[in-house]
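The primary structure of each chain is shown beneath.
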Amino acid sequence: MFEQYFGTKSMTNDHFIVDSILEHTMIDEEELYLLKTMLADLSNGSHDTIDATREKIIAIRNDSNHIFEHIEEQIIQANFDFQKQYDFLRIFQRMESVSAEIICCANYIAIFTRLEGQLPKFCFDDFNTLINRNIETHEFFKKSLMIYEKNKQDVFNLIHKVISVNQSINTIYFNSIETMYRIANDGSLKLGDMRSLENIYNSLINIGNSVEAASTSLEWLLIS
């Protein structure tokens, strides 16, 4: 499936690198929607499908690893000045963090279901909102890469949207964690369930923070 993205590229320049990072985001996007399916199944109690969806995410990641390694090599070997090379590597590495956090989140969801954890009702809407807003920030970042060479001002506007939406992700996260700790203190949430849920929330906020970090790195590339 990946040859269609990478098989025809032969030049190493700005366009090549940005296009390759863009295609990285497209693969991550597929993983994000699978993660959304996992969270929906968790909320709906459809636990039988969660492990299979997790395996799909892992398979996508494993299939694409060798391609992502080649992108990093191309950046290192490209005839860029040091600052541009550093900026591109920073964006690439932060996109790698997005993919890594998606897998972490999928793993924590699987652990929660294997423990036969009881999901508090307040988590239903929170998980849905958090994954949707992460997908939204990711879409803004993807669009900013698509127009990177055409309209710098619109790229800046998209990056600011990423930052704004990610602020709301952080707000939901802190409110949710506080609620969860209160429930745990009341004895209504088992310790193992609380820790598993805490890890799911942490992964969801880390996805958003990684997308924001990649976006702000693109901003530095534009002004360098």
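As shown above, the structure is provided for reference.
What counts, and at which threshold
- Residues numbered from 1 in each chain as written.
- Predicted model: local features only at pLDDT ≥ 70, side-chain atom pairs only at ≥ 80, totals over all residues.
- Heavy atoms only, no water.
- Helix = DSSP H or I, 4+ residues; strand = E, 2+ residues; numbered from the N terminus.
- Buried < 20%, exposed > 50% of the residue type's maximum accessible area, 1.4 Å probe, protein only.
- Contact = heavy atoms within 4.5 Å.
- Core = buried A, V, L, I, M, F, W, Y, C linked by side-chain atoms within 4.5 Å.
- Salt bridge = Lys/Arg side-chain N within 4 Å of Asp/Glu carboxyl O.
- Phe/Tyr/Trp six-rings, centres within 6.5 Å; stacked < 30°, edge-to-face > 60°.

Structural notes on the side chain of Asn166
And then number 1: Here Asn166 is to be found in helix α6 (residues 152-185).
And then number 2: Under the relative-accessibility criterion, Asn166 is labelled buried at 1%.
And then number 3: Setting aside residues up to four positions removed in sequence, Asn166 forms contacts with Thr137, Gly208, Asn209 and Glu212.

Observations concerning the nonpolar core
And then number 1: Grouped together as the largest cluster of nonpolar side chains are 67 residues, with contacts concentrated most on Leu35, Ile109, Phe127, Leu197, Ile200, Leu204 and Leu218.
And then number 2: Put simply, the parts of the chain that give this core at least two residues each are α2 (14-44), α3 (50-77), α4 (82-114), α5 (122-146), α6 and α7 (191-223).
And then number 3: In this view, Phe127 contacts Leu39, Leu42, Ser43, Leu119, Leu197, Ile200, Tyr201 and Leu204; residues no more than four positions away in its chain are not counted.

Some thoughts on the pattern of salt bridges
Any two side chains of opposite charge can pair, so long as their charged atoms come close to each other.
And then number 1: For the coordinates displayed, the defined rule picks out 8 salt bridges.
And then number 2: A single salt-bridge network, built from bridges that share partners, covers Glu29, Glu139 and Lys142.

Some words on the packing of aromatic side chains
And then number 1: According to the stated counting rule, one finds 2 aromatic pairs in the structure shown.
And then number 2: On the basis of an interplanar angle of 70 degrees and a centroid distance of 5.0 Å, the ring pair of Tyr173 and Phe174 is categorised as edge-to-face.
And then number 3: In this structure Tyr173 comes out as buried when scored by relative accessible area, which is 13%.
And then number 4: The class of Phe174 is exposed, set by a relative accessible area of 52%.

Thoughts on the environment of Ala52
And then number 1: Inspection of the secondary structure assignment puts Ala52 in helix α3.
And then number 2: Here the alpha-carbon distance between Ala52 and Leu89, two residues 37 residues apart in the chain, equals 33 Å.

As for unusual backbone geometry
And then number 1: Positive phi, close to 55 degrees, is recorded for Glu116, a residue that is not glycine.
And then number 2: Structurally, Glu116 can be placed in the loop between α4 and α5.
And then number 3: What makes Glu116 exposed here is its relative accessible area of 63%.

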